[in-house]
Amino acid sequence: MFLSVVIPTYNRLPILQKCLRALEAQELAAPISGYEVVLVDDGSTDDTVAWLRGHAAELPHIRLIQQEHGGPAEGRNRGVQQAQGEVIVFIDSDLVVTPSFLRCHAQALEQHWTRRGDRRCFTYGAVINTANFDTPTSEPHKLQDVSFAYFATGNVAIDRTLLEQAGLFDTRFRLYGWEDLELGERLRSLGVALVRCPEAVGYHWHPALRLERIPDLIRVERERAKMGLVFYLKHPTRRVRFIIQYTWLHRLLWELVTLGGLLNERSLRPLLAWLIRCGHPGLAMELLRLPLNRLGVRALYAEARALAATSQACRPV
């Protein structure tokens, strides 16, 4: 089994270095015959490309593909198209994996292919969130690391032919969010089974919360709202509404929890600053998620209203 690890990246050089070095340190065993890492640089403006070229001898498995900035969906598609492997492994460029990562994915896939009599499944590894940049793999597994997503490209492995049959990623998802879960809906409709593979561990690094990052986090929520509506219009189901929080229950929940918006990024700022000073940026981030969720849900409904108004205006009289 030859594996192609496909990674899109954009301006993440410091953590990308750890990501790639961890992939070079893989402990291979049957059924793996070999592997490559197809790194798609999505128009980075930092020193990513220069560093890769300067350290090519240390990274023999890396194949660099460059594109203009087009988003992760386009980057992953380009990576798959350039890949040589029969199995595609997707991870993000801020994920640091363990030495047994590829072996665990490959063995789990082969086991379930044999048991099922076909290849209509994919393996989903464990993702442990961490803010520890120096030693990300020292982070313990936490309750909030449990994911109920069906297909999330932070840590999955899938037969290439099956992936191509599903149609790869929709490149209309140019902003942040949902392009992998949307592909997951198409895989689900094809009867593809999810196989949990917790032994294939990746540590997903997020920088600890700083107050200066709040505007960027708000921008991400607005982008997720735009892409969430694209997701729902492709798959107008109750399940997708719940996934993107496009329901009156979510709207009511976040209004209640934030006291109708009284608890927001501005009113919480002194408390967030205090928590950060006391060494609890993780707790501060969990608290900030409350108004961010409200903002995201309200932005999603606003996007839907704007689209409806545009559609109404374009109707012939």
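Residues numbered from 1 in each chain as written. Predicted model: local features only at pLDDT ≥ 70, side-chain atom pairs only at ≥ 80, totals over all residues. Heavy atoms only, no water.

### As for the pairing of strand β2 (residues 34-41)
Counting buried positions along β2 gives eight out of eight residues, so the element sits mostly inside the fold. Of the two faces of β2, the one carrying G34, E36, V38 and V40 and the one carrying Y35, V37, L39 and D41 are both buried. Where strand β1 (residues 2-9) lies against β2, eight bridges are found, and the strand directions are parallel. Considered in β2, the bridge of L3 is made with Y35. For the segment spanning β1, helix α1 (residues 13-24) and β2, crossover handedness is right-handed. After leaving β2, the chain enters helix α2 (residues 48-54) and then returns to the sheet as strand β3 (residues 62-66), a path that is right-handed. (Buried < 20%, exposed > 50% of the residue type's maximum accessible area, 1.4 Å probe, protein only. Helix = DSSP H or I, 4+ residues; strand = E, 2+ residues; numbered from the N terminus. Pairing = 2+ DSSP bridges. Right-handed = clockwise from strand over helix to strand, strands pointing away.)

### A short note on helix α3 (residues 72-82)
In an α-helix, one turn spans 3.6 residues, which is why side chains three or four residues apart end up on the same side. Along α3, the residues classified as buried are A73, G75, R76, N77, G79 and V80. On its buried side, α3 packs onto β1, β2, β4 (87-91), α5 (160-166) and α6 (179-189). (Contact = heavy atoms within 4.5 Å.)

### Quick word on the state of the cysteines
Inspection of the entire model under this criterion finds zero disulfides. Sulfur of C19: no disulfide; nearest cysteine sulfur belongs to C104 and is 17 Å away. Not part of a disulfide, C197 finds its nearest cysteine sulfur in C104, a span of 5.7 Å. Exposure remark for C197: the relative accessible area of 1% places this residue in the buried category. (Disulfide = S-S within 2.5 Å.)

On their own, these measurements won't tell you what the molecule is for.
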